[in-house]
Amino acid sequence: MRILIKGGHLIDPANKKNGQFDLLISKGKIEAVEPEGKIKDISGAEIIDAKGAIVAPGFCDMHVHFREPGHEYKETIETGSHSAAAGGFTTVAVMPNTSPVNDNRSVTDFILSQAKETSDINILPIGAITKGLNGETLSDMGELKEAGCIGYSDDGRPVSNSEIMRRALEYSKMFDLPCIQHSEVLELTQGGSMNEGIVSTELGLKGMPTEAEDIMVHRDICLLPKTGGRLHVAHISSGGSVDLVRQAKAKGLAVTCEVAPHHFTLTHDACRGYDTNAKMSPPLRTQSDLEMIKEGMRDGTIDIIATDHAPHDRVDKQVEFSKACFGIVGLETALPLTLKMVDEKVISLEKAIDMLTFQPSQLFKLDKGTLGVGKAADITLFDEKMEYTIDPSQFKSRSKNSPYKDWKVRGKVLRTLVNGKTVFKCN
Amino acid sequence: MSTTILNEKDIARAINRISHEILERNQGAENIALIGIRTRGVTLSSRLQAKINAIENIEVATGALDITLYRDDIGAGLQKPELKKTEITFGLEGKHVILCDDVLFTGRTIRAAIDALIDFGRPASVQLAVLIDRGHRELPIRPDYVGKNIPTPKSKRVQVLLKEVDEEDKVIIQEQVK
Amino acid sequence: MTQTTTLSQRNIITMESLTANDIDTILDTADSFKEVSTRAIKKVPILRGRTIINLFFEPSTRTRTSFEIAGKRLSADVINISGAASSTVKGESLIDTVRNLEAMSPDILVVRHNCSGAPALITQFISKPVINAGDGTHEHPSQSLLDLLTIREHKGDLKGLKVTIVGDIAHSRVARSNIHAMKTMGMTVKVVAPPPLLPIGIEQLGVDVCHDLEKGIKDADVIMILRIQLERQNQGLLSSLREYSNYFCLTEKHLSNVSDDTLIIHPGPVNRGVEISLDVMEGPRSLILNQVTNGVAIRMALFYLLLGESDANSN
C-alpha cells in the first residue's frame, strides 16, 4: 500500500526541508520526498491532498502520564494514545509513576505489551530512578534499559537525596540514558498548591516558591562535572532555573531541559477563583518567569516542548483546591499553544516543529522526528491557520481537566499517521 | 397624572380632629402612648403628640416601629426593604397604645405592627389612627381614628407626602407606577 | 413607600468582592438589628419557616454560636453540622455533602472550612446562598464586618481611619478580609509582624509593613491584635511564644505613647499574655466584648439581606 501526501507545505527540520514537497509512503516507511509534482511513480498510491496544510514529522512528547497500570479511571495507554494522535503526537514517553511503579522489567513489559495491543502510536517507557520512587534505592537501570526504557525519572517527585542523585547520574552514564529530574525541594513546597506570590497570598493558599525549583536545578548541575551523567530538567517553570541551565550549557555541561505549554501561556493568575484546572506541579508562575521562559525558548536554552500530560478525573479535581491533584490534559492543546509562540515571534514555525519532533528524538537518541527517506512514516498534517475554540468535553483523553476551556486558538491537527497508517483524522 | 385630594390645611384639620377624638375616647392623655409606623406614621405620631400637648399640656410618650421584620410578604431576591430602627423606650404595660400610620389599605402592615407591639409587652389596648383609609382590607382590621376615607380602585396608588420627609404636605392619588 | 436596599452579591464569600455600598448597607442593617437583642423577647418572625444550615468543618464555638443565635432571633430553624459528624469523615466529597444537604431544602448555608476556597467551590454546585464563616487562610467576611461595625460605632466614620493589624498576618483570614474591606472603605492599613508571619507580596495589597510594634501603632486610630496559633512554633515560623511576646505582645507600656481614643480590637479567642496583656485586654480601650455583641447583629443582617422579604409594596 502506497500513500502520496501531495501539495503540502513540508517542514522537516531534521533534513532542513521547508517548502512545497510531496511525500510518498510505502509499506509504512517514507519512500520519497521530492519537490511538488516531481514524484513520478505514484501507481496505485492513495492520494492525500495536503494543499494548505503543513506536513511535519509526527510530534514526540517525552513527558506524559498515561496512568496505566493502576489509575485507569484517569487514562489508559489506549485512551492516552488516542489523545496523543488527536494532538498530532506519534511518539510519547510515559512516566513511571504508575501503580505499581515502572521500576522493573515486569512493569515495563506490561506497558509495552499493552501498547502493542491497544495503542495507535509509539509508546516508550521511562523507568524509575529509585525503587518505588522512594528516593532511597536505585532501580535496576540496566534491566530497565534492556526491557525498553529510554530514560530514568522519579517524576511527580524529585530525587531529594543528593547522594542518590549523584549515584543515579553516575550509573546511568553506563547506559547512556538521561536522568530526568522533577526539580523541587520538598521542604520548601510542603503543603503548597500553587506558586508562592501575591496570588497565593490573596487566595490564602500555601505557596511553592521558585527557589524550590532553582535550588534543585542548581544542585543537579553541580553534580554533573564529576559524574559525567546526562541531566534533563523536566517541565522547567522558573525564570531562575532557565538562567541556571543557560549558564551550565555555556560551560559545556550535559544538561538539557523541556518546557510545558502551560508554562509559556499561563501565569498564577489562572488560579484565581480556585480553578483546580490551573493547579499543576511545578505551579504556574509569574509573568516575569513566563517572559524568561520565552527568552529561554528564543535563545535555545530550552531544548524541547513536552506536555506533562497529566489527566485527572473529576473526582480528583472537583474538590477543595488544596486537596486537588496536580496537572492538566496536555496533548490535545499543545499545537495551538505552541503556535502562539510563533505568533508572538518567540520562535519560528520551523523551530516550533523542531522542538516538538527532531530535538526530543535527538535528546533521547530515537530514530524519530524526521521525514528522512527510509524512516518510519510517522507524520502529522496540520492547518496552522484554522481558528477554533477549545472544548475539553471533546477531548479524546479519558479526562477533561484543562484550563484552556473556551480559549480561542489557531492551529488544528488534520491527520496523524503512524507507520503510514492514519490514526487520527479531523472531521 | 396625579390628583391632590388633601392639601396642607386639610391635613392639619384632620390631625387636629383626631387629637381631640383620642383625648375624648381615652378621657384625657394620662395613660396613652403614640407609636408611629415607619416612616410617615412616625411623623404623624409626632404631630399628634404636639397637638395633644397644645391642648392638654401633657408630653405623651412616642415611639417608632419598623414592621419589616414582621411582614408576611416574604420572597427571595436581593432587593430588601431598608431596615430602620425600632425605638420604644418605655414599657407598654397598662398603656393605651395608639398606632399611627399614613394610609390604611390591606391591613397587613397593621397586623405586623400589632405582632411587633405584643413582643414589647402587654398594652391595656391598641387603637389605630390613620390619615387615609382607602378600603380593600384583606384582614379584619378597622381604624379607630380616620383623617379621611378615600374609596379608590385598587389599581390606584395613594401617596401621603409630609413636610418632614417630603418637603410638602399633601395627599395625592396616582396611577399605579409600573 | 418602602425604601429598598440591594446587595451586589448573592453569596457572602469575600470582602474583596463587596462594594463600599454593600458594606454600608450591611452595617446600617446590622445597626438596626442591634435593638432586637436588647428586647425582653429577643425574637422577630421574619425568617419563620426558613432553614439555616451551619456546616462547620473546623471547630468553632463563637462564630458558630453567633450564627446560630442570629438565625434563631430571626425565627429560622438552625441546624448545626460539624465536620466530625458529617459524612466527610466517611470519605464523602465536599460537593456530595452539600448536594445532599441542598436536597433537604435549606434556605441558606453557612460554611466554615479549613481549606481556602471551599465556600467558593460550594457556590458552583448549589443554588442557595452561601455565607463563608471562615475558609482556611483566605477570608472571614462576617468577622471583618463586625469589626467595621464596632469601629464605626466608636469613630462615627470609617473613611480616613488608620488601622494597625498586629500578629500572624500570613495565616489570618481575618487580616485578609479586613485589608480588603478597609481599603474599600478608604481606611489606611498597616501590618506589624515578624517577617516569617507576613505573606509574600502583602504590600501589593496596599498596606504598609512594619516589624516594630511601638512604631507600628504610634498613629493608629484602631489596633487590631490577631491570635497567635500555638502550633506556629512547631512549623519553624516562630522560635518560641516567649520570644514572640517579647517583641509583639501589646502591653500598657506600648500604649503610653498612643492616644486615649485609640481602639483595641481582637477577633478572639485571646491567648492572654501572648499577643495582648491582660490589663490591655480588660482596659478602657478594649472593645473585644462589643465585637462579640455586634457579631450577632451582623449575622442577623446577612441572613436578612440574603434571605428576607423582597416584595415591598403594601400599605
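Residues numbered from 1 in each chain as written. Chains lettered and ligands numbered in written order. Predicted model: local features only at pLDDT ≥ 70, side-chain atom pairs only at ≥ 80, totals over all residues.

### Focus on helix α11 (residues 288-307) of chain C
Then, number 1: For α11(C), with 20 residues, the first-to-last C-alpha span of 29 Å sits near the 28 Å given by 1.5 Å per residue.
Then, number 2: α11(C) sits mainly inside the fold: 15 of its 20 residues count as buried. (Helix = DSSP H or I, 4+ residues; strand = E, 2+ residues; numbered from the N terminus. Expected span 1.5 Å × (residues − 1). Buried ≥ 20, exposed ≤ 12 C-beta atoms within 10 Å, placed from the backbone.)

### Focus: the interface of chain C and chain A
Then, number 1: Opposite the 19 residues of chain C that make contact, chain A presents 16 residues.
Then, number 2: Broken down by element, the residue count for the side of chain C that touches chain A peaks at three residues, all from helix α4 (residues 118-123) of chain C.
Then, number 3: Taken together, the residues of the side of chain C that touches chain A sort by class into nine nonpolar, eight polar and two charged. (Contact = placed C-beta atoms within 7 Å. Nonpolar A, V, L, I, M, F, W, Y, C, P; charged D, E, K, R; others polar.)

### Some points on the domain arrangement of chain A
Residue and element names in this part refer to chain A.
Then, number 1: Taken domain by domain, chain A holds domain 1 (2-55 + 375-425) and domain 2 (56-363).
Then, number 2: Once you take the C-alpha centre of each, domain 1 and domain 2 turn out to be 26 Å apart.
Then, number 3: Listed per partner, the contact involves 32 residues of domain 1 and 43 residues of domain 2.
Then, number 4: Contributions of two or more residues to the side of domain 1 that touches domain 2 are made by β1 (2-12), β5 (54-57), β16 (379-389), β17 (408-418) and β18 (421-425).
Then, number 5: Looking at which element gives the most residues to the side of domain 1 that touches domain 2, the answer is β17, with six residues.
Then, number 6: Among the residues making up the side of domain 1 that touches domain 2, the classes are represented as 17 nonpolar, eight polar and seven charged. (Domains from an automatic or database assignment.)

### Section: the packing of helix α5 (residues 141-155) of chain C against α11(C)
Residue and element names in this part refer to chain C.
Then, number 1: For the pair α5 and α11, interaxial distance at closest approach is 8 Å and the crossing angle is 120 degrees. Viewed along their axes, α5 and α11 form a crossing whose handedness is right-handed. Each of Ser142, Leu145, Leu146, Asp147, Leu149 and Thr150 in α5 lies in contact with α11, whose residues at this interface are Asn290, Gln291, Asn294, Gly295, Ala297, Ile298, Arg299 and Leu302.
Then, number 2: Here the residues of the contact of α5 with α11 sort into six nonpolar, six polar and two charged. (Axes fitted to C-alpha atoms, helices over the stretch in contact; angles between N-to-C directions. Left-handed = near helix turned anticlockwise from the far one by under 90°.)

### With respect to the pairing of strand β7 (residues 188-192) of chain C
All names here are of chain C.
Then, number 1: With four of its five residues buried, β7 lies for the most part within the structure.
Then, number 2: Of the strand pairs in this sheet, strand β6 (residues 162-166) and β7 are connected by five bridges, and their pairing is parallel. Looking across to β7, one finds that Val166 is bridged to Val192.
Then, number 3: Note on the crossover from β6 through helix α6 (residues 173-184) to β7: the handedness is right-handed.
Then, number 4: Judged from the three bridges that link them, β7 and strand β8 (residues 208-210) form a sheet pairing that is parallel. Note on β8: the bridge partner recorded for Lys190 is Asp208. (Pairing = 2+ DSSP bridges. Right-handed = clockwise from strand over helix to strand, strands pointing away.)

### Regarding the sheet that holds β8(C)
Whenever strands of a sheet pair, they do so through backbone hydrogen bonds, lying parallel or antiparallel.
Residue and element names in this part refer to chain C.
Then, number 1: Across the sheet, which stays open at both edges, the five strands sit in the order β8-β7-β6-β9-β10 with parallel pairing between neighbours. Every other strand in the sheet has two partners, leaving β8 and β10 (263-265) as the edge strands with one partner each. Sheet twist, expressed as the average angle between the axes of neighbouring strands with direction ignored, equals 20 degrees.
Then, number 2: Of the strands in this sheet, β9 (222-225) and β10 are in contact with α5, which crosses β10 at around 165 degrees.

### Overview of the packing of α5(C) against α6(C)
All names here are of chain C.
Then, number 1: Contact pair α5 / α6: the axes reach a minimum separation of 8 Å and the direction vectors enclose 55 degrees. Our classification of the angle between α5 and α6 gives oblique. Seen along the crossing, α5 lies across α6 with a hand that is right-handed. Contacts between α5 and α6 involve Pro141, Gln143, Ser144, Asp147 and Leu148 from the first element and Val174, Ser177, Asn178 and Ala181 from the second. (Parallel < 35°, antiparallel > 145°, perpendicular 65-115°, else oblique.)

### Quick word on unusual backbone geometry
Residue and element names in this part refer to chain A.
Then, number 1: Residue Pro100 is bonded to the preceding Ser99 through a cis peptide linkage, with omega at 5 degrees.
Then, number 2: Relative to the elements of secondary structure, Pro100 occurs in the loop between β7 (89-94) and α2 (105-118).
Then, number 3: Following Ser281, the chain continues to Pro282 via a peptide bond in cis, the omega torsion being -5 degrees.
Then, number 4: Its place among the elements puts Pro282 in the loop between α9 (261-265) and α10 (287-298).

### Here's the deal with the arrangement of the chains
Then, number 1: Contacts between protein chains span two pairs of chains, and they are most numerous for chains B and C.
Then, number 2: Contact between chain A and chain B is absent, and the least distance between their C-alpha atoms amounts to 23 Å.

### What to know about the sheet that holds strand β8 (residues 156-161) of chain B
Residue and element names in this part refer to chain B.
Then, number 1: What the three strands build is an open sheet, ordered β1-β9-β8; its pairing is antiparallel. The outermost strands of the open sheet, each flanked by one partner alone, are β1 (2-6) and β8. In this sheet, adjacent strand axes meet at a mean angle of 30 degrees when their direction is disregarded.
Then, number 2: Alignment of β1 against strand β9 (residues 170-175), held across four bridges, turns out to be antiparallel. Counterpart to Thr3 in the pairing with β9 is Ile173.

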